[in-house]
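Next come the chains, spelled out residue by residue.
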Amino acid sequence: MPHALVLLSCLFVPPSWAAQPAPAVGESHGVARTASAAVRDAGHSDRLRYTVWYPARPGAQEQPLAIGPPGAPLFQEGSSAVDALIAAGRWPLLLVSHGNGGSARMMGWFGTALARAGYVVVAVDHPGNNGVDPMTDAGSILPWNRADDLAAALAAVQADPVLSAHVDADRVGLVGYSAGGFTALVAAGARPDMSRLIAFCQSSPKDGVCLPQAENPGLTLERRLAAAATPALAPWVAGAGEDRRIPGVRGVFLMAPAIVQAFEPAELGRLEVPVAVVVGEVDKVASSATNSKVIAEANGKVRLQVLPLVGHYDFLAECNALGRERVGALCAVEADKAATHRVAIEQAKVLFDSVLR
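Cut-off values and rules
- Here the residue numbering is sequential within each chain, running from 1 through the sequence in written order.
- Confidence filtering applies because this is a predicted model: local features only for residues at pLDDT of at least 70, side-chain atom pairs given and counted only at 80 or more, and all residues used for totals across whole chains, interfaces and linings.
- In computing side-chain properties, one takes all heavy atoms of the structure into account and sets aside hydrogens as well as water.
- Runs of H or I in DSSP of at least four residues are treated as helices and runs of E of at least two as strands, each being numbered from the N terminus.
- Using C-alpha atoms as the atom set, the radius of gyration is obtained and then compared with a globule rule of 2.2 Å times the number of residues to the power 0.38.
- Burial classification: accessible surface area is computed with a 1.4 Å probe over protein chains only, and a residue below 20% of its type maximum counts as buried, one above 50% as exposed, and the rest as partly exposed.
- Any two residues whose heavy atoms approach within 4.5 Å at even a single point are treated as in contact.
- Throughout, the Shrake-Rupley method with a 1.4 Å probe supplies accessible areas, and for residues the shown protein chains are the sole cover considered.
- Working convention for charge: Lys and Arg count positive, Asp and Glu count negative, and His plus the chain ends are omitted.
- A charged residue contributes its charge at one atom only: NZ of Lys, CZ of Arg, CG of Asp or CD of Glu.
- A 1.4 Å probe that fits but cannot get out identifies a cavity on a 1 Å grid over protein atoms alone, an open set with protein on both sides within 12 Å along at least five of seven lines counts as a pocket, and a residue lines either if it has an atom within 4 Å of a point.
- Grid points are joined across faces, edges and corners, and a volume is the space filled by probe spheres set on the points.
- Comment: axis = line fitted to C-alpha atoms, over the contacting stretch for helices; angle = value between 0 and 180 degrees taken between N-to-C directions.
- Roughly parallel means an angle under 35 degrees; roughly antiparallel, over 145; roughly perpendicular, 65 to 115; everything else is oblique.
- Should the near helix be turned anticlockwise from the far one by less than a right angle, the crossing is termed left-handed; should it be turned clockwise, right-handed.
- Gly falls in the polar group here, along with every residue not listed as nonpolar (Ala, Val, Leu, Ile, Met, Phe, Trp, Tyr, Cys, Pro) or charged (Asp, Glu, Lys, Arg).
- A pair is scored as a salt bridge if a Lys or Arg side-chain nitrogen falls within 4 Å of a carboxyl oxygen belonging to Asp or Glu.

1. Concerning the overall build of the protein chain
The helix and strand tally for the protein chain stands at 14 helices and 11 strands. For 357 residues, the compact-globule estimate of 2.2 N^0.38 gives 21 Å, and the protein chain sits close to it at 19 Å. In terms of its C-alpha atoms, the protein chain occupies a principal-axis envelope of roughly 55 × 45 × 40 Å. Within the protein chain, the fraction of its 357 residues that count as buried is 56%. Within the protein chain, residue pairs in contact and separated by at least 24 positions form 80% of the contacts whose partners lie at least 6 positions apart. When the accessible surface of the protein chain is totalled, it reaches about 14,400 Å², and 57% of it is carbon and sulfur. Side-chain charges in the protein chain split into 29 positive and 33 negative, and the spacing between the mean points of these groups amounts to 2 Å.

Following this line, the structure appears as structure tokens:
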């Protein structure tokens, strides 16, 4: 980490917090509701699942977090104590948006680390676009409605009889990985113009954002356009450019953000809160040249770090041996994934400790 960032990290961590041992991490689960979920979900449910990680009271017993079939996990990502009591105090809150076909739990490596650092972290499973439920075309075609999911989860936590007394909704940070980076920018107040993305993909069809994704290989640009024009989706597409800013947001942290081509540079330049971006040098899905660097060039407040040898899927949870055998490309990385995760965690702490503490 550059010397200046280390200095900033030290400056903005309150001495009383920094001197204490890291707490155990609690984990709880909830359900919110949002109208757009029913359009995106395969079963047309308006239910939105969310996971919360938080500092737990002393004595909480953590268990390993894992992703995969029962008895045969594919990913490992830290540990937490399910339904443990939350530690006393009012904590700043982070809203986390996963990538295309990901999940709240896939971001557990990040969420548990920031909870251990003194944040309440709320991550959602975006309807129709997560790795738990069937993927839908609508879930991919309406990415701006993912910001509605973050707002609904925030409202649910604020109304929760246990958590509400321990979260400070005036100190909110946004976190997004891949398509979740787009989500975070929308939730920060940037309004997308999807005609820009269409024009970009028509002129640069081989860009990673324009190609069908590994999580949904049949969803070509032509299929997206056809679905967007249907009577079921056209009214929702028409609302793409609406302001979905979440109140109280003071900072945005992005990992390998994607779909940035949908934003006018002036729109990105109008973002008023600090933004930090971490991206891999060899990212072939969300190239830094057409995504992360565009954000930094449009807004002088953006702090960009490009990591050598790091690709797009380095920001997923750590694969175990079975995961590397069964999942293949999502587990194949050139860099040390644990080191990449440490950089992302530390950079996020630098940003959020400076604006939320």
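So, next bit.
2. Points about the layout of surface pockets
If you add up the space inside the second largest pocket, you get close to 270 Å³. Lining of the second largest pocket is provided by 14 residues; of these, Val282, Gly311, His312, Tyr313 and Ala332 occupy positions nearest its centre.

3. Description of the packing of helix H6 (residues 146-159) against helix H7 (residues 179-187)
Two numbers describe how H6 lies on H7: the axes approach to 8 Å, and their chain directions differ by 65°. As far as their axial angle goes, H7 and H6 are roughly perpendicular. Crossing handedness for the pair H6 and H7: right-handed. Across from Arg146, Ala147 and Leu150 in H6, the residues of H7 making contact are Ala179, Gly180, Thr183, Val186 and Ala187. Here the residues of the contact of H6 with H7 sort into 5 nonpolar, 2 polar and 1 charged.

4. Details of the pattern of salt bridges
All chains considered together, the criterion is met by 17 salt bridges. Here Arg244 and Glu242 are joined by a salt bridge, their closest N and O atoms 3.6 Å apart. Relative accessible area serves as the criterion here: at 13%, Arg244 is assigned to the buried category. In this structure, the salt-bridge partner of Arg245 is Asp243, at a minimum N-O distance of 3.7 Å. Residue classification places Arg245 among the partly exposed positions, given a relative accessible area of 48%. Judged by relative accessible area, which is 46%, Asp243 ranks as partly exposed. Connected through salt bridges with shared partners, the residues Arg49, Asp125 and Asp133 form a single ionic network.

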